[in-house]
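# Secondary and tertiary structure notes
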Amino acid sequence: MNRLPALMFALVLGGACAHTPPAGDPETLRPAVEGFHKNLRWRNYRALSGFLVPEERQDFERKRRELHDERDLTVTDYEIEDVKLADDGKRATVHSRIQWMRLPSASEQTESVTSEFVFRDGVWLLEKQQSGPFAGELE
């Protein structure tokens, strides 16, 4: 009978762990961040939308078509400056510097961009982004 409380505690603890969503692995975050930026650089918007949370993909793709980004948006350079993983391992904040221009403007812009990635269903996805060529779209 003395084992019953210990057994119950172990079952409760084990059950709680089984229902806690897994944290994201920092090793899987890096390819997601780099993949997003590389696809942006090479105008691969279909692949780029795959890095977004599902609820943003359709609007993102529609906006690319409306703005003629395959023709008019050029990202000339990017640099990933800082990546911070939240303590719970389920969110990450990425700071990058992106140089870009969108026709008809011939002026290149350089902006510091803050991107927020979330770990969902075993993958890192972009949820929000401030500044850059998609300012106001992913909020």
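Model, not experiment: these values are computed from the prediction. (Residues numbered from 1 in each chain as written. Predicted model: local features only at pLDDT ≥ 70, side-chain atom pairs only at ≥ 80, totals over all residues. Heavy atoms only, no water.)

## Topic: the packing of aromatic side chains
Counted according to the given criterion, the structure contains three aromatic pairs. When the centroid spacing of 6.5 Å and the interplanar angle of 85° are considered together, the rings of Phe36 and Phe117 count as edge-to-face. One end of the pair, Phe36, is in helix H2 (residues 26–41); the other, Phe117, is in strand E3 (residues 109–120), and 81 residues separate them in sequence. We classify Phe36 as buried; its relative accessible area is 1%. Take Phe117: its relative accessible area is 1%, and that puts it in the buried class. Between Phe60 and Phe134, the ring centres sit 5.1 Å apart and the planes meet at 75°, which makes this aromatic pair edge-to-face. On the criterion of sequence distance, the pair formed by Phe60 in helix H4 (residues 54–66) and Phe134 in the segment after strand E4 (123–130) is long-range, its members being 74 residues apart. The exposure classification of Phe60 matches that of Phe134, with both residues buried. Lying over the aromatic face of Trp42, Arg41 brings its terminal NZ or CZ to 4.6 Å of the ring centre. Here the guanidinium or amino end of Arg64 rests over the ring plane of Phe60, the centre of that ring lying 4.6 Å away. (Phe/Tyr/Trp six-rings, centres within 6.5 Å; stacked < 30°, edge-to-face > 60°. Helix = DSSP H or I, 4+ residues; strand = E, 2+ residues; numbered from the N terminus. Buried < 20%, exposed > 50% of the residue type's maximum accessible area, 1.4 Å probe, protein only. Lys NZ or Arg CZ within 6 Å of the ring centre and 35° of its normal.)

## Details of the pairing of E3
Strand direction decides the pairing type here: strand E2 (residues 91–102) and E3, joined by 10 bridges, are antiparallel. Its bridge partner being in E3, Thr93 is matched across the sheet by Glu116. Hairpin connection from E2 to E3: six residues lie between these consecutive antiparallel strands. Here E3 pairs with E4 via seven bridges, running antiparallel. Bridging from a neighbouring strand, Glu116 pairs with Lys128 of E4. From the end of E3 to the start of E4, which pair antiparallel, there are two residues, and Asp121 there has a positive phi angle of about 50°. (Pairing = 2+ DSSP bridges.)

## A few points about the pattern of salt bridges
Scanning all chains against the criterion turns up 14 salt bridges. Residue Arg120 is joined to Glu55 by a salt bridge in which the shortest nitrogen-to-oxygen separation is 3.0 Å. With Arg120 in strand E3 and Glu55 in helix H4, the pair connects residues that are 65 residues apart, well separated along the chain. The partner of Arg62 in a salt bridge is Glu66, with the nearest N and O atoms 2.9 Å apart. Pair noted here: Arg62 and Glu66 are both in helix H4, with a separation of four residues, about one helical turn. When its relative accessible area of 35% is taken as the criterion, Arg62 is described as partly exposed. One network of salt bridges, with partners in common, ties together Glu55, Arg91, Glu116, Arg120 and Glu127. (Salt bridge = Lys/Arg side-chain N within 4 Å of Asp/Glu carboxyl O.)

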